[in-house]
Amino acid sequence: MRPDPFALCLALCLAVTTPRAVTAQLSDTKVLTLDATKAALAAAEAEARRNGWAVSIAVVDAHGELLGFARMDGASLLSIEISQRKAATSARGKRPSKEYADRITQGNLATLALDVMPLEGGVPIVVNGIVVGGIGVSGVTSAQDAQCAAAGAAAVKP
């Protein structure tokens, strides 16, 4: 018994055009909204204010592109660029910017060849195990910057 050519053609067309074949090539990506960006900025700023620190705060998307920024009164001009680079480093690298500083301290000088800001104070923003952005803070000690950045990252909820 020979298979029906029409049935074979129909089965082949359905196999090629089913949504399953298309969705296997795509992923659903979460992105930071304006509200999430504002929440992260506000939480980091609140942590800085509680401690009497004047800092700059940057929030970036997963690619390291700036979404939101705040420079508190009294924060240095240099802290503007540093906060943005810390945020981009943590988002693109999917790890705190401190890890790059630690690598250099441990003698891994090849880290200097990377386009990263090897200073503590950048933290990835992680939602459900996925890095959706980063937040960087600059203006006080590196550990204090990281404390503010962690507060900001924690404010982003799924």
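What comes next is a walk through the structure. Along each chain, the written sequence defines residue order, and numbers are assigned to residues from 1. Selection of residues for local features in this predicted model requires a pLDDT of at least 70, selection of side-chain atom pairs for listing and counting requires 80 or more, and totals for whole chains, interfaces and linings are taken over all residues. By convention in this description, side-chain values take in all heavy atoms of the structure and omit both hydrogens and water.

1. A word on the nonpolar core
No. 1: Counting 22 residues, the largest nonpolar core has Leu32, Val55, Ile57, Val59, Ile125, Ile135 and Val156 as its most contacted members.
No. 2: Counting from the N terminus, the helices are the DSSP runs of H or I reaching at least four residues and the strands are the DSSP runs of E reaching at least two. Mapped onto this core, the elements with two or more residues apiece are α3 (34–51), β1 (56–61), β3 (122–127), β4 (130–138) and α6 (142–154).
No. 3: Here this core takes five residues from α3, the largest share from any one element.
No. 4: The criterion used for residue contact is that any of the two residues' heavy atoms lie within 4.5 Å. The contacts of Ile125, once residues within four sequence positions are left out, are Leu32, Val59, Ile130, Val131, Val132, Gly133, Gly134, Ile135, Ala153 and Val156. The set of buried Ala, Val, Leu, Ile, Met, Phe, Trp, Tyr and Cys residues whose side-chain atoms join them within 4.5 Å is what this entry labels a nonpolar core. Here the term buried applies to any residue with accessible area under 20% of the maximum for its type, exposed to any over 50%, and partly exposed to those in between, with areas from a 1.4 Å probe on protein chains only.

2. Details of unusual backbone geometry
No. 1: At Lys94, a position not held by glycine, the phi torsion is positive, near 60 degrees.
No. 2: Inspection of the secondary structure assignment puts Lys94 in the loop between α4 (78–93) and α5 (98–105).

3. Comments concerning the sheet that holds β3
No. 1: Ordered by their spatial adjacency, four strands build an open sheet running β2-β1-β4-β3, and the pairing between neighbours is antiparallel. The open sheet has two edge strands with one neighbour each: β2 (66–71) and β3. On average, adjacent strands in this sheet sit at an angle of 15 degrees to one another, irrespective of strand direction.
No. 2: Strands were regarded as paired on the criterion that DSSP finds at least two bridges between them. Two strands pair when backbone bridges link them, and β3 and β4 are joined in this way by six bridges, in the antiparallel orientation. In the sheet register, Pro124 faces β4, and the bridge partner there is Gly134.
No. 3: All axes are obtained by fitting lines to C-alpha atoms, using only the stretch in contact for helices, and the reported angles, taken between N-to-C directions, cover 0 to 180 degrees. Relative to β4, α4 is tilted by about 155 degrees, and along the sheet it contacts β1, β2, β3 and β4.
No. 4: Packed on one face of the sheet, α6 meets β3 and β4 and runs near 145 degrees to β4.

4. Here's the deal with the environment of Ala43
No. 1: Within the secondary structure, Ala43 is located in helix α3.
No. 2: For the pair Ala43 and Ala155, spaced 112 residues apart in sequence, the C-alpha to C-alpha distance is 6.3 Å.
No. 3: Apart from the residues within four sequence positions on either side, Ala43 is in contact with Ala151, Gly152 and Ala155.

5. Regarding the side chain of Ser79
No. 1: With respect to the helices and strands, the residue Ser79 is situated in helix α4.
No. 2: Whenever a nitrogen or oxygen atom comes within 3.5 Å of another N or O atom, the pair is scored as a polar contact, on the condition that within protein one atom can donate a hydrogen and the other can accept it, and that pairs from neighbouring residues in sequence are kept only if both atoms are in side chains. A distance of 2.8 Å separates polar atoms of two side chains, one belonging to Ser79 and the other to Ser56.
No. 3: Non-local contacts of Ser79, meaning those with residues more than four positions away in its chain, are made with Ser56, Ser138 and Gly139.

6. Overview of the pairing of β4
No. 1: Burial runs high along β4: eight of the nine residues are buried.
No. 2: Connecting the antiparallel pair β3 and β4 is a turn made up of two residues, with Asn128 showing a positive phi of about 50 degrees.

7. Quick notes on the packing of α3 against α6
No. 1: At a minimum axis separation of 7 Å, α3 and α6 run at an interaxial angle of 140 degrees. Considered as vectors, α3 and α6 are oriented oblique to each other. Viewed along their axes, α3 and α6 form a crossing whose handedness is right-handed. Residues Ala40, Ala43, Ala44, Glu47, Ala48 and Asn51 of α3 touch α6, and the partners they reach there are Gln147, Cys148, Ala151 and Gly152.
No. 2: Ten residue types, Ala, Val, Leu, Ile, Met, Phe, Trp, Tyr, Cys and Pro, are classed as nonpolar, four, Asp, Glu, Lys and Arg, as charged, and the remainder, Gly among them, as polar. When its residues are assigned to classes, the contact of α3 with α6 shows six nonpolar, three polar and one charged. Oblique is the label for any angle not covered by the other classes, which are roughly parallel (under 35 degrees), roughly antiparallel (over 145) and roughly perpendicular (65 to 115). Throughout, a crossing is termed right-handed when the near helix is turned clockwise from the far one, and left-handed when it is turned anticlockwise from it by less than a right angle.

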